[in-house]
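Structure assessment
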Amino acid sequence: MMREWATVVSWQDGIATLHSEVKTSCSSCSARKGCGSHMLNKLGPKNAHVMKIATAEPLSPGQRIELGIAEQSLLSSALLVYMTPLLGLFILAGLFQMLFHSDLAAAAGALLGGIGGFIIAKGVSGWLSKSAAFQPVILSIALPPDALRVETGA
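Once that is clear, we can look at the overall build of the chain. Within the chain, the regular secondary structure consists of three helices and five strands. Starting at the N terminus, the α and β elements of the chain follow one another as β-β-α-β-β-α-α-β. The proportion of buried residues among the 154 residues of the chain is 21%. Once local pairs closer than 6 in sequence are excluded, the contacts in the chain between residues at least 24 apart make up 74%. Accessible surface for the chain amounts to roughly 11200 Å². Of this, 66% is attributable to carbon and sulfur atoms.

A few words now on helix 3 (residues 103-128). For helix 3, built from 26 residues, the straight-helix expectation of 38 Å at 1.5 Å per residue is met to within 8% by its first-to-last C-alpha distance of 36 Å. Looking only at helix 3, the buried set comprises Ala 105, Ala 106, Gly 109, Ala 110, Gly 113, Gly 114, Gly 117 and Ala 121. Where helix 3 is buried, its residues meet helix 2 (71-100). In this structure Ser 102 caps helix 3, since a side-chain oxygen of it lies 3.2 Å from the backbone nitrogen of Leu 104.

Once that is clear, we can look at the pairing of strand 2 (residues 15-20). Here strand 1 (residues 2-12) runs beside strand 2; their pairing, made up of five bridges, is antiparallel. Counted as the bridge partner of Trp 11 is Ala 16 from strand 2. The antiparallel pairing of strand 1 with strand 2 creates a hairpin that spans two residues between the two strands, and Asp 13 there sits at a positive phi of about 55 degrees. Bridge count between strand 2 and strand 3 (residues 49-54): six bridges; the pairing is antiparallel. Paired with Ala 16 across the two strands is Ile 53, which belongs to strand 3.

If you walk through the whole model with that rule in mind, you get one aromatic pair. With 5.6 Å between their ring centres and 75 degrees between their planes, Phe 96 and Phe 100 make a pair best called edge-to-face. Note that Phe 96 and Phe 100 are positioned in helix 2 at a spacing of four residues, about one turn of the helix.

This part is about the nonpolar core. Within the largest apolar cluster, eight residues are counted, these being Ala 6, Val 8, Ala 16, Leu 18, Ile 53, Leu 59, Ile 65 and Leu 67. In this view, Leu 18 contacts Ala 6, Thr 7, Val 8, Val 9, His 49, Val 50, Met 51, Ile 53, Ile 65 and Leu 67; residues no more than four positions away in its chain are not counted.

This part takes up the sheet that holds strand 1. Reading across the sheet, the five strands line up as 3-2-1-4-5 and stay open at both edges, with antiparallel pairing between neighbours. In this open sheet, the two edge strands, each paired with only one partner strand, are strand 3 and strand 5 (137-141). If you compare each strand with its neighbour and ignore which way they point, the axes differ by 40 degrees on average.

With that settled, the discussion passes to the pairing of strand 4 (residues 64-69). Where strand 1 lies against strand 4, six bridges are found, and the strand directions are antiparallel. Bridged to Thr 7 within strand 4 is Arg 64. Where strand 4 lies against strand 5, four bridges are found, and the strand directions are antiparallel. For Glu 66, the partnering residue across the bridge sits in strand 5 and is Ser 140.

Criteria and cut-off values
Residues numbered from 1 in each chain as written. Predicted model: local features only at pLDDT ≥ 70, side-chain atom pairs only at ≥ 80, totals over all residues. Heavy atoms only, no water. Helix = DSSP H or I, 4+ residues; strand = E, 2+ residues; numbered from the N terminus. Buried < 20%, exposed > 50% of the residue type's maximum accessible area, 1.4 Å probe, protein only. Contact = heavy atoms within 4.5 Å. Areas by Shrake-Rupley, 256 points an atom, 1.4 Å probe, with all protein chains shown as cover. Expected span 1.5 Å × (residues − 1). Polar contact = N/O pair within 3.5 Å; in protein donor to acceptor, adjacent residues only side chain to side chain. Pairing = 2+ DSSP bridges. Phe/Tyr/Trp six-rings, centres within 6.5 Å; stacked < 30°, edge-to-face > 60°. Core = buried A, V, L, I, M, F, W, Y, C linked by side-chain atoms within 4.5 Å. Axes fitted to C-alpha atoms, helices over the stretch in contact; angles between N-to-C directions.

This is how it looks when you write it as structure tokens:
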């Protein structure tokens, strides 16, 4: 089970809106100057993941909850996203090369196959997202931010 902590933004009618920070390992690595991933992380958006999850327990804004998702569903999602466009690329490139006997046709087929693979992956992922196995589950709920008060005596 993959685990991640998220912060509750709002809770209404059994639906909690959660905010989860995007984590990278670039802050702890010492090879920043020569690393391409560090440069890409600086260029990319600094946003966080916002998701909605159903829960019967009332939650307050600022409260932290631990979410979990099964490794099998995460791995199969990654396989779908990466392999479908790659297979489409190779299959249509080979098919266009065989039909038209031209490298330009093979390149066009590769482009069409890659785009078609992305479209298929998007459609299948939308269908799979409705499955319970691909939904995150709440593993634990922390105390609300105002539940614990510390007083110091003077």
